[in-house]
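Take a look at the letters that make up each chain.
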Amino acid sequence: MFTPSILKALKSNGIDEETFFAALDEPHELTLELLQAQGLDIRCEDGVCHFATAVTHIDDATFCIVDVETNGSKPGKHQIIEIGAVKVCNGSITDTFESLVHCKEISRHISEITGITAEDTADAPSLKEVMQEFRLFLGTDIFVAHDVKFDYSFISAMMERVGLEALQNRALCTIDLTERTISSYRYGLAYLNEQLELYKEATHHRALSDAVTAAKLFKRVMKFMPEEVKTAEDMIRFSKEAKRLKRPKFDPALSVKKEEKE
């Protein structure tokens, strides 16, 4: 959609309005409205255009932490069977979203992992209904997930399957953030939850529970943001470019269990 140079400018110092709109095919107002409908908020002020994340302080940004359960790993063949999301702004949870999704086929293996059967989803809303509702819930918030590539790409594919536009929201991965702020032997959500005691009532592999756990992890990580990370876009950049912390050579959890046995 954008050339690399325009994309880079939108993320940082901005690009002059005339140059930005000259690069677009559609009328100005229509293009911005279409992008916003897909989750990408571009602000043009005083003749300069930025991603909203580039000019929004992290305390003022809304982060939507998302988790999905699916009946398989391939968006082309499979579908979402449950989705959960938690909105976080300035360290507080401000809203939640949760829904099962009607699905005719869920394998025994998936049911054993998630606890969700096809019968559980029999009266659930259709994929189209859930995607439409979630699209409105997400809005232009920053899409956050633990392994964001999976959740983002799966939801975006489901959006397109039901006739909606693909996602364009700015994205942030809690694995990437945690690797740069908290030294851990492993970075799976269940492991971090146990080691950091994030959410005692967690039910792993249920969408809202995992989203809440990831939200608590996100709030913990926010405390370790360096001073130079001021905007939401700074945070996205930090998650991709900052140096990863060195992992411990041995699993501290095993040491604790060994001591308990002795």
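Up top is the structure.
Now for a look at the structure at hand. If you're wondering where the values come from, they're calculated on a predicted model, not measured in any experiment.

Basis of the calculations
- Residues numbered from 1 in each chain as written.
- Predicted model: local features only at pLDDT ≥ 70, side-chain atom pairs only at ≥ 80, totals over all residues.
- Heavy atoms only, no water.
- Helix = DSSP H or I, 4+ residues; strand = E, 2+ residues; numbered from the N terminus.
- Buried < 20%, exposed > 50% of the residue type's maximum accessible area, 1.4 Å probe, protein only.
- Contact = heavy atoms within 4.5 Å.
- Areas by Shrake-Rupley, 256 points an atom, 1.4 Å probe, with all protein chains shown as cover.
- Lys, Arg positive; Asp, Glu negative; His and termini not counted.
- Charge placed at Lys NZ, Arg CZ, Asp CG, Glu CD.
- Pairing = 2+ DSSP bridges.
- Axes fitted to C-alpha atoms, helices over the stretch in contact; angles between N-to-C directions.
- Phe/Tyr/Trp six-rings, centres within 6.5 Å; stacked < 30°, edge-to-face > 60°.
- Lys NZ or Arg CZ within 6 Å of the ring centre and 35° of its normal.
- Salt bridge = Lys/Arg side-chain N within 4 Å of Asp/Glu carboxyl O.
- Expected span 1.5 Å × (residues − 1).

### A word on the overall build of the protein chain
Helix and strand counts for the protein chain stand at 11 helices and 8 strands. Overall size of the protein chain, expressed as C-alpha extent along the three principal axes, is 70 × 45 × 30 Å. The burial tally for the protein chain puts 48% of its 262 residues in the buried class. Long-range pairs, those at least 24 residues apart, make up 68% of the contacts in the protein chain with a sequence separation of at least 6. Counting only carbon and sulfur atoms, one obtains 48% of the accessible surface of the protein chain, whose full area is about 14,100 Å². Averaging the positions of the 32 positive and the 44 negative side-chain charges in the protein chain gives two centres separated by 9 Å.

### Brief notes about the sheet that holds strand 3 (residues 48–51)
Across the sheet, 3 strands lie side by side as 1-3-2; this open sheet has antiparallel pairing. Looking at which strands have only one partner, the edges of the open sheet turn out to be strand 1 (15–16) and strand 2 (42–45). Pairing of strand 1 with strand 3 involves 2 bridges; the strand directions are antiparallel. By the bridge assignment for strand 3, aspartate 16 is matched with valine 48. Along the sheet face, helix 1 (residues 4–11) touches strand 1, strand 2 and strand 3 and points at about 85 degrees away from the line of strand 3.

### Concerning the packing of aromatic side chains
Describing an aromatic ring pair means giving the distance of the ring centres and the angle of the ring planes. A full pass over the atoms with the stated rule returns 8 aromatic pairs. When the ring of phenylalanine 2 is compared with that of phenylalanine 20, the centres are 5.9 Å apart and the planes differ by 35 degrees; the resulting orientation is tilted. Of this pair, phenylalanine 2 sits in the segment before helix 1 while phenylalanine 20 sits in helix 2 (residues 17–22); the two residues are 18 residues apart in sequence, bridging distant segments of the chain. Here phenylalanine 2 matches phenylalanine 20 in class, with each residue buried. An aromatic cluster of at least three residues, connected via ring pairs, comprises Phe2, Phe20 and Phe21. Lysine 87 extends its terminal NZ or CZ atom over the ring of phenylalanine 137, reaching a point 4.7 Å from the ring centre.

### A short note on the side chain of aspartate 67
Tracing the backbone shows aspartate 67 in strand 4 (residues 62–70). Buried charge aspartate 67 goes without a salt bridge, the closest partner of opposite sign being arginine 206 at 8.4 Å. Excluding its chain neighbours within four sequence positions, the residues that come into contact with aspartate 67 are Glu82, Ile83, Gly84, Asp151, Arg206, Ala207, Asp210 and Ala211.

### Some details on the pairing of strand 3
The side chains of a regular strand alternate between the sheet's two faces. Relative to strand 3, strand 2 runs antiparallel, the two being bridged by 4 bridges. Opposite glutamate 45, over in strand 3, you have valine 48 as the bridge partner. Where strand 2 folds back on strand 3, the antiparallel hairpin that results is connected by 2 residues, among which aspartate 46 adopts a positive phi of roughly 55 degrees.

### Here's the deal with helix 6 (residues 148–161)
Given a rise of 1.5 Å per residue, 14 residues ought to cover 20 Å, and the 20 Å separating the end C-alpha atoms of helix 6 matches this to within 8%. All of the buried residues along helix 6 are Val148, Asp151, Tyr152, Phe154, Ile155, Ser156, Met158 and Met159. Residues of helix 6 that are buried make contact with strand 4, strand 5 (80–89), helix 5 (127–138), strand 7 (142–145) and strand 8 (171–173). Once helix 6 ends, the next one or two residues include glycine 163, with phi positive near 95 degrees.

By themselves these figures say nothing about function.
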